[in-house]
Amino acid sequence: MFEVRNITKSYYTPRGRRYVFRDISFSIPPDRNIGLIGKNGSGKSTLMRLLGGADTPDRGKIVTNKSVSWPVGLTGGFQGSMSGKDNVKFVCRVYGAVGPRMSEVLQYVRDFSDLGKWFDEPVRSYSSGMRSRLAFGLSMAFDFDYYLIDEVMSVGDSHFKKKSNQVFAKKNENFQHHLGQPLNGRHSSAVQLGLARRERHYNNV
Amino acid sequence: MRLRSPLEITRSVIFALVLREMRGRFGRIRLGAVWVILEPMSHMIVLGTIMKLRSAASPSYEFLVFLLMGLAPFLLYKNIVLKLMGSVEANKSLFSYKQIQPADAFFARTIVEFCISSITFLILYIALTWYGYSTAITDPIAWLFAIFLGIAFSFALGIFYAMLAEAIPELRTLLSLTFMPLYLLSGVIYPINRLPHSIIDYLLWNPYLHIIDLIRAATFKHYRLYPGVSFEYVVKCTIVASFAAYAAYRVRKYRLMSL
């Protein structure tokens, strides 16, 4: 359950202030997967950043009692000179997963991302696909109530795609959900207010 | 997931950032570790040689010890300020993790700089002692207090620089150059009482000059504190700078975090 109360969000540009949202309010019902659909630049990513707490509205409030992930597939936070393993450790520490929990996460990411020996190499030597796989595996290693996905399902080869769909199906059964921009608009039918609809399983992505 | 208190989160974020910074500094290039010792050492070697050749050493204290007591803190302060200035830019991509705030990066970098400088200082200090210089610190409490006051001031100044650099990126180079004149104007490499009094009246506006002089006065038994140099002035400067910096941070925080 998310409740968005009268939020206004604007950014400064060299040509002055640009408003992305002006006094919008809505609530997202619990137990739903949500897809955001809209034109480029209409504020989908901004809304996700706001829901995820990575950005703050100028005015208004976003209320939730659920845990929300960082944007799934976030690769910008990786430090190129550090190995994939060390980057995973960094996120573990930030999220308070230390001790045995950290080894668990490391094992999970190592298996899930299929990086093999590359897991211990510096991230700067990775291809962009490897980088996304690492990022995706890292997000899946943590149990959030909601996962924020920004057009990430396109990464990896068909084998990896199948694997990521499976993990999402499983998380859905555990009542964990995702908010995000679906890939290539396959969910663009039922649209309300630019927000979308219920999906039990996401396996047709 | 277990709920953590804000304090717990901040602590783990700062710890994670400190480890990350350390790794960034020493992980890939071994030269990183060499440079932190080499920087103050090269200053000391060059200036020590010049002073030796001019044989202008003061009888009441050893010049190299005098130099170390000015250089080590000054380089620490310089590094804190300049590292804080660059920290927002360097950690921008991390602010997508909502737990990580610019303030955490400030704290982490200050801690890293402090640890590195302390180790460097200890190595050089022990080396000088072992070589036979009289390195005893007369008033350790005042000495520590002066050093920490300098850190608090530099922390605030660094945050202020970070705000300025974020608002006007062109200022970045200019701001990092400010420590060149400060190096000369803070009495790091010479006792300030050698300068004409008419100039010193203006130089006394510089809090770093006070801090360096106070550190030296706490170290040497017969060091004469320059009239006008006082803890009071540094404390006032620190309070004003901290207030300005934290207020600016509060106003500009979300601008710092936005991509």
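Residues numbered from 1 in each chain as written. Chains lettered and ligands numbered in written order. Predicted model: local features only at pLDDT ≥ 70, side-chain atom pairs only at ≥ 80, totals over all residues.

What follows deals with the overall build of chain B. On a plain count of helices and strands, chain B comes out with ten helices and zero strands. Listed by position from the N terminus, the elements making up chain B come as α-α-α-α-α-α-α-α-α-α. For 259 residues, the compact-globule estimate of 2.2 N^0.38 gives 18 Å, and chain B sits close to it at 20 Å. Its C-alpha atoms give chain B principal-axis dimensions of about 65 × 40 × 35 Å. (Helix = DSSP H or I, 4+ residues; strand = E, 2+ residues; numbered from the N terminus. Rg over C-alpha atoms; globule rule 2.2 N^0.38 Å.)

Here the focus is the overall build of chain A. Of regular secondary structure, chain A possesses five helices and seven strands. With 205 residues in all, chain A has 39% of them scored as buried. For chain A, long-range pairs separated by at least 24 residues make up 71% of all intrachain contacts whose partners lie at least 6 apart in sequence. (Buried ≥ 20, exposed ≤ 12 C-beta atoms within 10 Å, placed from the backbone. Contact = placed C-beta atoms within 7 Å.)

Residue and element names in this part refer to chain B. For helix 4 (residues 102-131), with 30 residues, the first-to-last C-alpha span of 43 Å sits near the 44 Å given by 1.5 Å per residue. Taken residue by residue, helix 4 has Pro102, Asp104, Ala105, Phe106, Ala108, Arg109, Thr110, Val112, Glu113, Ile116, Ser117 and Leu124 as its buried positions. Immediately beyond the C-terminal end of helix 4, within one or two residues, lies Gly132, with a positive phi of roughly 115 degrees. (Expected span 1.5 Å × (residues − 1).)

With that settled, the discussion passes to the confidence of the model for chain B. All names here are of chain B. Taken as a whole, chain B shows an average pLDDT of 87; of its residues, 94% reach a score of 70 or greater. No element of chain B has a lower mean pLDDT than helix 2 (residues 31-54), at 77, and none a higher one than helix 5 (residues 140-167), at 94. The ipTM for the predicted assembly is 0.82, set against a pTM of 0.84. (pLDDT = per-residue confidence, 0-100.)

So, about the interface of chain A and chain B. Each partner contributes residues to the interface: chain A has 21 residues there, and chain B has 22 residues. Looking at the side of chain A that touches chain B, the elements with two or more residues in it are strand 5 (68-72) and helix 2 (84-94) of chain A. Considering each element in turn, the side of chain A that touches chain B owes the most residues, four residues, to helix 2 of chain A. Of the residues contributing to the side of chain A that touches chain B, the split by class is eight nonpolar, nine polar and four charged. (Nonpolar A, V, L, I, M, F, W, Y, C, P; charged D, E, K, R; others polar.)

Once that is clear, we can look at the confidence of the model for chain A. Residues and elements named next belong to chain A. Averaged over all residues, the pLDDT of chain A is 77; the fraction at 70 or higher stands at 81%. Taken element by element, the predicted model of chain A shows its lowest mean pLDDT in strand 7 (residues 177-181) (65) and its highest in helix 2 (91). When the criterion is pLDDT under 50, residues 183-205 qualifies, and its contacts beyond four places in sequence or with other chains add up to 41 contacts.

Note on placement: Asn79 of chain B falls in helix 3 (residues 63-91). Spatially, the C-alpha atom of Asn79 of chain B lies 23 Å from that of Arg11 of chain B, the residues being 68 residues apart in sequence.

Another aspect to go through is the sheet that holds strand 2 (residues 16-28) of chain A. All names here are of chain A. Ordered by their spatial adjacency, three strands build an open sheet running 2-1-4, and the pairing between neighbours is antiparallel. Of all strands in the sheet, those bounded by a partner on one side alone are strand 2 and strand 4 (59-64). Between one strand axis and the next, the sheet turns by 25 degrees as a mean value, whatever way the strands run. Looking at chain direction, strand 1 (residues 2-13) and strand 4 are connected through five bridges and run antiparallel. In the sheet register, Thr8 faces strand 4, and the bridge partner there is Arg59. On the sheet, helix 1 (residues 44-52) packs against strand 1, strand 2 and strand 4 and is oriented at approximately 120 degrees with respect to strand 1. (Pairing = 2+ DSSP bridges. Axes fitted to C-alpha atoms, helices over the stretch in contact; angles between N-to-C directions.)

Let us now look at the pairing of strand 1 of chain A. In this structure, strand 1 of chain A lies alongside strand 2 of chain A, joined through nine bridges in antiparallel fashion. The residue of strand 2 of chain A that forms the bridge with Ile7 of chain A is Ile24 of chain A.

Let's shift gears to the packing of helix 5 of chain B against helix 9 (residues 207-219) of chain B. Residue and element names in this part refer to chain B. Interaxial distance between helix 5 and helix 9 falls to 8 Å at its minimum, and their mutual angle equals 160 degrees. Judged by the angle between their axes, helix 5 and helix 9 are roughly antiparallel. For the pair helix 5 and helix 9, the sense of crossing is left-handed. Facing Ala142, Trp143, Ala146, Ile147, Leu149, Gly150 and Phe153 of helix 5, the residues of helix 9 in contact are Pro207, Ile211, Leu214, Ile215, Ala218 and Thr219. For the contact of helix 5 with helix 9, a count of residues per class yields eleven nonpolar, two polar and no charged. (Parallel < 35°, antiparallel > 145°, perpendicular 65-115°, else oblique. Left-handed = near helix turned anticlockwise from the far one by under 90°.)

Each pair of packed helices gets described by two things: the angle between the helix axes and the distance between those axes. Residue and element names in this part refer to chain A. At a closest axis distance of 8 Å, the pairing of helix 3 (residues 100-113) and helix 4 (residues 128-141) adopts a crossing angle of 135 degrees. The angle between helix 3 and helix 4 places the two elements in the oblique class. In the crossing of helix 3 with helix 4, the sense of the turn from one axis to the other is right-handed. Facing Val105, Tyr108, Val109, Phe112 and Ser113 of helix 3, the residues of helix 4 in contact are Arg133, Leu134, Gly137, Leu138, Met140 and Ala141. Residue classes in the contact of helix 3 with helix 4 are distributed as eight nonpolar, two polar and one charged.

Residues and elements named next belong to chain A. The terminal C-alpha atoms of helix 3 lie 20 Å apart, and with 14 residues this matches the ideal 20 Å at 1.5 Å per residue to within 8%. Residues of helix 3 that are buried include every one of Val105, Val109, Phe112 and Ser113, and no others. Down the axis of helix 3, the buried side of the element spans an arc of 80 degrees, and every buried residue falls inside it. Every exposed residue of helix 3 that faces more than 90 degrees away from the buried side is listed here: Pro100, Ser103, Gln107 and Asp111. (Arc of directions from axis to C-beta.)

Looking now at the environment of Phe106 of chain B. All names here are of chain B. Within the secondary structure, Phe106 sits in helix 4. With 140 residues separating them in the primary sequence, Phe106 and Tyr246 have C-alpha atoms 12 Å apart. Contacts of Phe106, omitting those with residues within four sequence positions, involve Leu84, Ser87 and Ile159.

Here we come to unusual backbone geometry. All names here are of chain A. For Asn6, which is not a glycine, the phi torsion comes out positive at approximately 50 degrees. Overall, the presence of 13 C-beta atoms within 10 Å leaves Asn6 in the partly exposed class. Even without a glycine there, the phi angle at Asp23 is positive, about 50 degrees.

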